[in-house]
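The residues making up each chain are set out below.
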Amino acid sequence: MIWNPEYESIERTDLEELQLRRLQSTVAWVYERVPYYHAALDERGVKPRDIRSLGDVSRLPFTDKSALRDTYPFGLFAVPIDQVVRIHSSSGTTGKPIVVGYTKGDITTWTELTARVASAAGVVSTDLAQMAFGYGMFTGGFGMHYGLERVGATVIPASAGNTERHLIMMADFGTTVLVSTPSYALYMAEVGEELGVNFQKLPLRLGLFGAEPCTEAARREIEAKLHIRATDNYGLSEVMGPGVSGECEYACGLHINEDHFLVEVVDPLTGEPRAEGEEGELVITPLTKEAFPVLRYRTHDLTVIDRTPCECGRTLARMSNVRQRTDDMLIIRGVNVFPSQVEDVLFKIESVRPHYLIVVDRKHGLDDIEVRLEVAEEVFSDIMADMVAFTRHVSERLHSVLGLNVKVTLVEPGTIERTAGKAQRVLDLRENGCSDV
Ligand code: DLL
């Protein structure tokens, strides 16, 4: 169902007019209220009145995570703290966390946008939606919660973790929708299998997954194991949280809520625009934020935008599923490696389970890459030669794609750490220099 046809199916020319008006107000809003942006715009010689077309967005400065860190905690807020009704924060991997704030109006907008995402995925008012995102500083739990309630679904605010309790509630309450990261859904499937849960018999029918990449193989595995339809939705704290984009029933990209977010795709190195339909880094300018508006936020997420009409009737552009970030890239002995490339190879091999860890280390000044891989029980055969052959096979496949020798270590099912949140696929021991000799 289209939650808000007036906007989700808006004529593109009307949309662009609306976006321009909103962009103009946003630029004026930050210029007047946020000293950081006042200075950044002055430095570029740009005044709010200079924004006369959507193309003028390129005259605005980019914002990177560092600006949020440097102004920690509230330096980029555009309203006094007494008008802020909620804050969230994202820890990231290094340095200070970033803090984002919401006015009452922002919460209303956020609710509307997560309601759209839930509705596009297929949630209806008779659904029982079980939340397995954390309620806390992470935007996932609260963000999706409000939207689901808005659609009229019954929300089960179970939060992240305590997998057995999740499974019990799922069966006892007759949960129909699961909201989580895709890796946690896989973990639930695994624990469920161990506990003898028959997912086919449960009313569970739909998954709203987001907050981390999900390969096609992982999606298929979730669908097969949980007997549900899996959908993807995307967002980031810096521009709101979940609610930026989500798949409709045609699963051909994620519809971006363009009336609230102006998107650009740029060359990650130069910041220059990429041609329509080319992959690049997604840059987002929220158009209606009050407390925490940012200009041209560099997401570091790689995607392709498709503005052709979708069969569902929404006119909003679609972004392809985000598989990798520009800052995910590992450089190993001078070779560029994206974790998603490794994952693609692994998931094409039968008997490989969707749990792996890439370990990068430096020994005697040389980088080493190891893939620790969980495989099905039957691969752990009594015949050593079979295991050696399997390991060699995986290693050769990785070599043919990456052009690197990769040490492959088979580990028993269940030994790679599971998390209730975002999966950690890479352990880079070079960063802290622990084993550099
Ligand atoms: O992960 C917001 C969110 C919560 C989105 C729940 C969807 C559902 P952050 O913790 O700030 O916010 O992390 C944002 O996570 O820049 C992407 O790299 C990644 N990410 C989020 N959604 C997806 C997705 C939330 N569907 C960062 N596919 C983003 C791939 C995703 N990556």
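Small disclaimer: the values here were computed from a predicted structure and weren't measured. (Residues numbered from 1 in each chain as written. Predicted model: local features only at pLDDT ≥ 70, side-chain atom pairs only at ≥ 80, totals over all residues. Heavy atoms only, no water.)

**Considering the overall build of the protein chain**
The following threshold applies: Strands are runs of DSSP state E lasting at least two residues, helices are runs of H or I lasting at least four, and both sets are numbered from the N terminus onward. When we talk radius of gyration, it's over C-alpha atoms, and the globule rule is simply 2.2 Å times the number of residues to the 0.38. Contact between two residues is taken to exist if any of their heavy atoms lie within 4.5 Å; hydrogens are not considered. Using a 1.4 Å probe, accessible areas were evaluated by the Shrake-Rupley method; residue-level cover was limited to the displayed protein chains.
A count of helical and extended segments in the protein chain gives eleven helices and 20 strands. For 437 residues, the compact-globule formula gives about 22 Å, and the C-alpha radius of gyration of the protein chain, at 23 Å, lands near that figure. By its C-alpha atoms, the protein chain is 75 × 55 × 40 Å across when sized along the principal axes. Look at the contacts in the protein chain between residues 6 or more apart in sequence, and 66% of them connect residues 24 or more apart. Only carbon and sulfur atoms are counted for the fraction: they give 51% of the accessible area of the protein chain, which is about 19100 Å².

**Section: the site of the ligand**
Cut-off, in case you're wondering: Any residue with a non-hydrogen atom lying within 4 Å of a molecule or strand is treated as near it. Any N or O atom pair separated by 3.5 Å or less is treated as a polar contact, with the protein-specific requirement of one donor-capable and one acceptor-capable atom, and with residues adjacent in sequence counted only for side-chain atom pairs. When residue character is reported, Ala, Val, Leu, Ile, Met, Phe, Trp, Tyr, Cys and Pro are called nonpolar, Asp, Glu, Lys and Arg charged, and the others, Gly included, polar.
In the vicinity of the ligand lie 22 residues, with Asp232, Asn233, Ser237, Asp301 and Lys422 positioned nearest. Contacts to the ligand include Asp232, whose side-chain N or O atom sits 2.7 Å from a nitrogen atom. The separation between an oxygen atom of the ligand and a polar side-chain atom of Ser237 is 2.5 Å. A total of 610 Å² of accessible area belongs to the ligand in isolation, and the protein chains cover 93% of it. Elements with a minimum of two residues in the shell around the ligand: α6 (139-151), β7 (229-236) and β8 (241-247). Ranked by residues supplied to the shell around the ligand, first place goes to β7 with five residues. Its residues placed into classes, the shell around the ligand shows eight nonpolar, eight polar and six charged.

**Thoughts on the sheet that holds β8**
Keep this limit in mind: The rule for pairing is simple: two strands pair if DSSP sees at least two bridges between them. Comment: axis = line fitted to C-alpha atoms, over the contacting stretch for helices; angle = value between 0 and 180 degrees taken between N-to-C directions.
Pairing in this open sheet of nine strands is mixed, and the strands run β4-β3-β5-β6-β7-β8-β9-β14-β13 from one edge to the other. Both outer strands of the open sheet, β4 (154-156) and β13 (305-306), are each paired with one neighbouring strand and no more. Inspection of the sheet shows strand β3 (residues 128-131) paired to β4 by three bridges, in the parallel sense. By the bridge assignment, Leu128 is partnered in β4 with Thr154. Its contacts with the sheet put helix α7 (residues 163-173) on β3, β4 and β5 (177-180), and the angle it makes with β3 is roughly 175°. Lying over the sheet, helix α9 (residues 216-226) contacts β5, β6 (206-210), β7 and β8, oriented at roughly 130° with respect to β7.

**Comments concerning α7**
Here is the rule: With a 1.4 Å probe rolled over the protein chains alone, any residue whose accessible area is under 20% of its type maximum counts as buried; one over 50% counts as exposed, and the rest are partly exposed. Of all possible arcs, the one meant is that of the directions from the helix axis to the C-beta atoms.
Of all the positions in α7, only Thr163, His166, Leu167, Met169 and Met170 are classed as buried. Mapping the buried residues of α7 onto a view down its axis gives an arc of 165°, with all of them on the same face. Structural note: α7 exposes Ile168 and Asp172 on the side pointing more than 90 degrees away from its buried face. Once α7 ends, the next one or two residues include Gly174, with phi positive near 75°.

**Thoughts on the nonpolar core**
Worth spelling out the cut-off: What is meant by a nonpolar core is a set of buried Ala, Val, Leu, Ile, Met, Phe, Trp, Tyr and Cys residues, joined one to another through side-chain atoms within 4.5 Å.
Counting 49 residues, the largest nonpolar core has Leu23, Leu60, Tyr234, Val239, Ile284, Ile305 and Met319 as its most contacted members. If one sorts the elements of this core by residue count, helix α2 (residues 12-33) sits on top with five residues. Not counting residues up to four positions away in its chain, the partners in contact with Val239 are Val244, Phe261, Ile284, Pro286, Lys289, Val294 and Tyr297. With 47 residues, the next largest nonpolar core counts Ala132, Cys214, Leu226 and Tyr356 among its residues.

**Thoughts on the pattern of salt bridges**
How we decide: Any Lys or Arg side-chain nitrogen located within 4 Å of an Asp or Glu carboxyl oxygen qualifies as a salt bridge.
Counting across every chain of the model gives 30 salt bridges. Here Glu343 and Arg425 are joined by a salt bridge, their closest N and O atoms 4.0 Å apart. In this pair, Glu343 is assigned in helix α10 (residues 339-347) and Arg425 in the loop between β19 (407-411) and β20 (426-428), connecting sequence segments 82 residues apart. Arg362 is the partner of Asp367 in a salt bridge, and the nearest nitrogen-oxygen pair spans 2.9 Å.

**A look at a nonpolar patch on the surface**
What counts, and what does not: The patches reported here contain residues having more than 30% relative accessible area and no salt bridge. Joining distances are 9 Å for like charges and 5 Å for nonpolar side chains (Val, Leu, Ile, Met, Phe, Trp, Tyr).
On the surface, Phe74, Ile81, Ile87 and Met137 cluster together into a nonpolar patch covering about 350 Å² of accessible area. Here Met137 is to be found in the loop between β3 and α6. Under the relative-accessibility criterion, Met137 is labelled partly exposed at 45%.

**Structural notes on the domain arrangement of the protein chain**
The test is simple: Residue ranges assigned to the domains are those given by an automatic or database domain assignment. Summed over both partners, the accessible area lost on bringing two parts together, with a 1.4 Å probe, is the buried area.
With domains assigned, the protein chain is organised as domain 1 (1-326) and domain 2 (329-432). Summarising the inter-unit geometry, the C-alpha centres of domain 1 and domain 2 are found 30 Å apart. Of the roughly 1500 Å² buried where domain 1 meets domain 2, counting both sides, 53% is carbon and sulfur surface. Contact with domain 2 buries surface across domain 1, with Glu190, Arg323 and Gln324 losing the most and accounting together for 27% of the total. For the pair domain 1 and domain 2, the number of links is three salt bridges. For Arg323, the salt bridge identified is with Asp344, shortest N-O distance 3.3 Å. One can count nine residue pairs in polar contact (both at pLDDT 80 or more) joining domain 1 with domain 2. If you list the elements that add at least two residues to the side of domain 1 that touches domain 2, you get α8 (182-194) and α9. In terms of residues, the side of domain 1 that touches domain 2 owes the most to one element, α8, which gives five residues. Across the side of domain 1 that touches domain 2, the residue classes break down as nine nonpolar, six polar and six charged.

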